[in-house]
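Coordinate analysis (summary)
The chain contents come next:
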Amino acid sequence: MNLEAYERLLFERRPGGVLLITINRPEKHNAADRQMLAEFTRVWKDVAEDDETRAVVITGNGRAFSAGGDLGEEVEKLSDFPAVVKTLEEARGLVSNMVECDKPVISAINGAAAGAGLAIALLADISIIGEDVAFTDGHVKIGLAAGDHSVIIWPLLCGMAKAKYLLLTADRIDGREAERIGLVSKAVPNDEVLSEALRVADQLARGPKYAIQWTKHALNNWLRLAMPSFEASLGLELLTFFSPDAKEGMSAFLERREPKFD
């Protein structure tokens, strides 16, 4: 694995085969720009092929995990068909590569997570979040259909009723509530998130490699079954990039005002 090929992700090899990945754009709350999205997509294939890695922890540098897409770049995609197609390919690749990665992945959700960052946080095999960390899937607030990961995983984690409520309203919840409804694996005090994630990763890294990897593979068949629904949701999300609601929603967000949808 060529760790130097990445600009937005930092890597630290820890004892026992644990690889710590840190999302590293703290000045922008680790928002996912074009470079980071490309790295999010390919890193899981590299991890899968890396013989030194037995378990992965991914977290964010600073106060955020990854605060979604870089909205300045997202605005540029409005009505730009080639850019939207590229986004579709990267978003599909991120999800499918995480599903197919055989190594166990633990997310240490230390702060705000949205968009591609939230996708990684919740698609991880085990998710550890700070009790006071608040998040939402806010697609509908900016006029976009929720597509980049939520349809494939939220109903499996917290049930269809809760998934529909949270995705249609975009209400914020904190780590305690996310654990209560099953959207994350475990909530801990904020200052214990990374240490707990590393503890779990160390336990998995010392365990029976094939038993753990193949259990993950079998469980992920549920996600493979949901892949057509995910791809439909992703296509519908990107179709809404051409809608007046998206223009209004993104403009309102950048201008710090309430959107006025038709």
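Every value quoted in this text rests on a predicted model; they were computed, and no experiment measured them.

**Looking at empty space enclosed by the protein**
Over the atoms, a rolled probe matching the size of one water molecule traces out where space is still vacant. In total, this model carries one cavity of 30 Å³ or more according to the counting rule given. The space that makes up the largest cavity amounts to roughly 40 Å³. Of all elements in the fold, only helix 8 (193–205) and helix 9 (209–219) reach the threshold of two or more residues within the lining of the largest cavity. Here the lining of the largest cavity gets three residues from one element, more than from any other, and that element is helix 9. Classifying every residue of the lining of the largest cavity by side-chain character gives four nonpolar, two polar and two charged.

**Focus on the nonpolar core**
Counting 64 residues, the largest nonpolar core has Ile-21, Phe-40, Trp-44, Ile-152, Trp-154 and Leu-183 as the members making the most contacts within it. Counting residues per element, this core draws most heavily on helix 4 (residues 115–123), which supplies seven residues. Not counting chain neighbours up to four residues away, the residues in contact with Trp-154 comprise Leu-118, Leu-122, Phe-135, Asp-137, His-149, Gly-159, Ala-163, Leu-166, Leu-167 and Leu-183. Counting 15 residues, the second largest nonpolar core, distinct from the first, contains Val-18, Val-193, Ala-197 and Val-200.

**Here's the deal with the packing of aromatic side chains**
For the structure on display, the rule yields two aromatic pairs. The interplanar angle of 65° and the centroid separation of 5.1 Å between the aromatic rings of Tyr-6 and Phe-11 together place this pair among those described as edge-to-face. Among the residues examined, Phe-11 registers a relative accessible area of 18% and is labelled buried. Pairing Tyr-210 with Trp-214 gives two aromatic rings, centres 5.3 Å apart and planes at 40°, and the pair type is tilted. Pair noted here: Tyr-210 and Trp-214 are both in helix 9, with a separation of four residues, about one helical turn. In this structure Tyr-210 comes out as partly exposed when scored by relative accessible area, which is 48%. For Arg-42, the ring lying beneath its charged end belongs to Tyr-6, and the centroid distance is 4.3 Å.

**Here we look at the pattern of salt bridges**
Considering all chains together, one arrives at 16 salt bridges under this definition. With a shortest N-O distance of 3.2 Å, Arg-14 and Glu-12 are connected by a salt bridge. With relative accessibility at 32%, the residue Arg-14 sits in the partly exposed group. For Arg-25, the salt bridge goes to Asp-33, with nearest N and O atoms at 3.8 Å. Judged by relative accessible area, which is 5%, Asp-33 ranks as buried. Within the structure, one salt-bridge network assembled from shared partners comprises Arg-8, Arg-25 and Asp-33.

**Structural notes on helix 12 (residues 244–254)**
Among the residues making up helix 12, those that are buried are Ala-246, Glu-248, Gly-249, Met-250 and Ala-252. Considering only its buried residues, helix 12 is in contact with helix 2 (71–77). Directly beyond the C-terminal end of helix 12, a positive phi value near 55° is found at Arg-256.

**Comments concerning the layout of surface pockets**
Empty space within the largest pocket amounts to approximately 1300 Å³. Lining the largest pocket are 49 residues, with Ala-67, Gly-68, Gly-69, Ala-114 and Phe-253 positioned closest to its centre. When its residues are assigned to classes, the lining of the largest pocket shows 23 nonpolar, 12 polar and 14 charged. As a volume, the second largest pocket reaches approximately 480 Å³. Around the second largest pocket, the lining comprises 27 residues; the ones closest to its centre are Ala-124, Asp-125, Ile-126, Leu-219 and Asn-220. Put simply, the parts of the chain that give the lining of the second largest pocket at least two residues each are helix 3 (81–100), helix 4, strand 7 (126–130), helix 5 (150–158), helix 9 and helix 10 (221–225). Looking at which element gives the most residues to the lining of the second largest pocket, the answer is helix 9, with five residues. Here the lining of the second largest pocket is built from residues that sort into 17 nonpolar, six polar and four charged.

About the criteria used
- Residues numbered from 1 in each chain as written.
- Predicted model: local features only at pLDDT ≥ 70, side-chain atom pairs only at ≥ 80, totals over all residues.
- Heavy atoms only, no water.
- 1 Å grid on protein atoms, 1.4 Å probe; cavity = no way out; pocket = protein on both sides within 12 Å on 5 of 7 lines; lining within 4 Å.
- Points joined across faces, edges and corners; volume = space filled by probe spheres on them.
- Helix = DSSP H or I, 4+ residues; strand = E, 2+ residues; numbered from the N terminus.
- Nonpolar A, V, L, I, M, F, W, Y, C, P; charged D, E, K, R; others polar.
- Core = buried A, V, L, I, M, F, W, Y, C linked by side-chain atoms within 4.5 Å.
- Buried < 20%, exposed > 50% of the residue type's maximum accessible area, 1.4 Å probe, protein only.
- Contact = heavy atoms within 4.5 Å.
- Phe/Tyr/Trp six-rings, centres within 6.5 Å; stacked < 30°, edge-to-face > 60°.
- Lys NZ or Arg CZ within 6 Å of the ring centre and 35° of its normal.
- Salt bridge = Lys/Arg side-chain N within 4 Å of Asp/Glu carboxyl O.

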